[in-house]
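Inside the fold
Residues per chain, in single letters:
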Amino acid sequence: MQTGVGTDTIKAYRCAVLRGMVNDSDDSPIKGVTVTILDHDEFGSTTTRVDGMFDMAVNGGGYLTFDYKKDGYLPVQRQVDAPWEDYVWLPDVVMIPVDSQVTTIDLSSSTEMQVAQGSVVIDDDGTRTATLFFPQGIEASIYNEDGTTTRSISTLNVRLTEYTVGENGPNNMPGQLPANSAYTYAVELSADEATVKVNGKDVMFDQPVVFYVENFLNFPVGIDVPVGYYDRDKG
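This write-up is about the structure you can find in this document. (Residues numbered from 1 in each chain as written. Predicted model: local features only at pLDDT ≥ 70, side-chain atom pairs only at ≥ 80, totals over all residues. Heavy atoms only, no water.)

Details of the overall build of the protein
Counting its regular elements, the protein contains one helix and 19 strands. For the protein, the spread of C-alpha atoms along the three principal axes comes to 65 × 45 × 35 Å. The contacts of the protein with a sequence gap of at least 6 include a subset with a gap of at least 24, amounting to 65%. Approximately 13,300 Å² of the protein is accessible, and the part contributed by carbon and sulfur atoms is 50%. (Helix = DSSP H or I, 4+ residues; strand = E, 2+ residues; numbered from the N terminus. Contact = heavy atoms within 4.5 Å. Areas by Shrake-Rupley, 256 points an atom, 1.4 Å probe, with all protein chains shown as cover.)

What follows is the structure, given as structure tokens:
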């Protein structure tokens, strides 16, 4: 059921129904995924059924970005051009759980460098482990639940979850890649303490945190590797 839609929101002459499916990495359907549309609260929300499917009625006539969220899983977004008076299938989505491996970083520690690592990943592309280095004396802050101000914290429980794993990797991605970017490697860097994002940010550091991953794709040594990030607030 689609809930939270105003009585006069959906216009008959513009109505479109968007359909989609959500599976896990084993191709099993995921029930209870909350589906909303970015910046369009007027369309309310729905949840996936036991077969992983959902339907949403919207006003067509432009691009809409769909948000998929479920506790314990990394969120996903997909964009679709919604026509008038028609049905459209969204790309199938695969949602993956947050990495179960967690590293506690003590920001008051006198250790010269603390290291957080995700689980070891092995697939046809090779073996790798996402790694973060936290230098001594680094300070961190996160947003409060109201999202208005930040507060300093002394401990971070860090998780590093790779999206680009196995045959379903392209469907795992947090968003659709732009035309000038090739599917290569994507990882979610998260802290359990940070539950609110503002302008795409959740944890703020006063000095750089270094990310490292093995050259499992065998790029030539010494070349520049382009790096980008996905901003869920902007889709």
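Following the structure, the description resumes.
Let's talk about empty space enclosed by the protein
Scanning all chains against the criterion turns up one cavity of 30 Å³ or more. The volume enclosed by the largest cavity comes to roughly 40 Å³. Lining of the largest cavity is provided by D106, L107, S109, T111, Q114, F134, P135, Q136, G137 and I138. Looking at the lining of the largest cavity residue by residue, the classes come out as four nonpolar, five polar and one charged. (1 Å grid on protein atoms, 1.4 Å probe; cavity = no way out; pocket = protein on both sides within 12 Å on 5 of 7 lines; lining within 4 Å. Points joined across faces, edges and corners; volume = space filled by probe spheres on them. Nonpolar A, V, L, I, M, F, W, Y, C, P; charged D, E, K, R; others polar.)

Let's talk about the pattern of salt bridges
Under the criterion given, the structure shown has eight salt bridges. The closest approach of N and O atoms between R128 and E162, which form a salt bridge, is 2.7 Å. On the criterion of sequence distance, the pair formed by R128 in strand β12 (residues 126-128) and E162 in strand β16 (residues 155-162) is long-range, its members being 34 residues apart. For R159, the salt bridge is made with D192, and the minimal N-O distance between the two is 2.8 Å. One end of the pair, R159, is in strand β16; the other, D192, is in the loop between β17 (187-191) and β18 (203-205), and 33 residues separate them in sequence. What makes R159 buried here is its relative accessible area of 18%. Under the relative-accessibility criterion, D192 is labelled partly exposed at 37%. One connected set of salt bridges, linked through shared partners, spans R19, R49, D51 and D55. (Salt bridge = Lys/Arg side-chain N within 4 Å of Asp/Glu carboxyl O. Buried < 20%, exposed > 50% of the residue type's maximum accessible area, 1.4 Å probe, protein only.)

Considering the sheet that holds strand β13 (residues 131-135)
Read across the sheet, three strands follow the order β10-β13-β19 without closing on themselves; strand pairing throughout is antiparallel. At either margin of the open sheet sits one strand with a lone partner, and together these are β10 (113-117) and β19 (210-212). The mean inter-strand angle of the sheet, taken between neighbouring strand axes irrespective of direction, is 25°. The pairing of β10 with β13 spans five bridges and is antiparallel. Looking across to β13, one finds that V115 is bridged to F133. (Pairing = 2+ DSSP bridges. Axes fitted to C-alpha atoms, helices over the stretch in contact; angles between N-to-C directions.)

A closer look at the side chain of T9
Positionally, T9 belongs in the segment before β1 (15-23). In this structure, T9 is in contact with E42, F43 and N59, ignoring residues within four places of it in sequence.

Quick word on a negative patch on the surface
There is a patch of like negative charges on the surface, built from D26, D27, D124, D125 and E167. D124 gets classed as exposed once you look at its relative accessible area, which sits at 81%. (Patch = residues over 30% accessible without salt bridge, like charges linked within 9 Å, V, L, I, M, F, W, Y side chains within 5 Å. Lys, Arg positive; Asp, Glu negative; His and termini not counted. Charge placed at Lys NZ, Arg CZ, Asp CG, Glu CD.)

Considerations on the side chain of Q77
Its location among the elements puts Q77 in strand β6 (residues 76-82). Given the relative accessible area of 2%, Q77 is considered buried. Here D67 takes part through its side chain, which lies 2.5 Å from a polar atom of the side chain of Q77. Within the structure, the side chain of Q77 is placed 3.1 Å from the backbone oxygen of R232, a separation counted as a polar contact. (Polar contact = N/O pair within 3.5 Å; in protein donor to acceptor, adjacent residues only side chain to side chain.)

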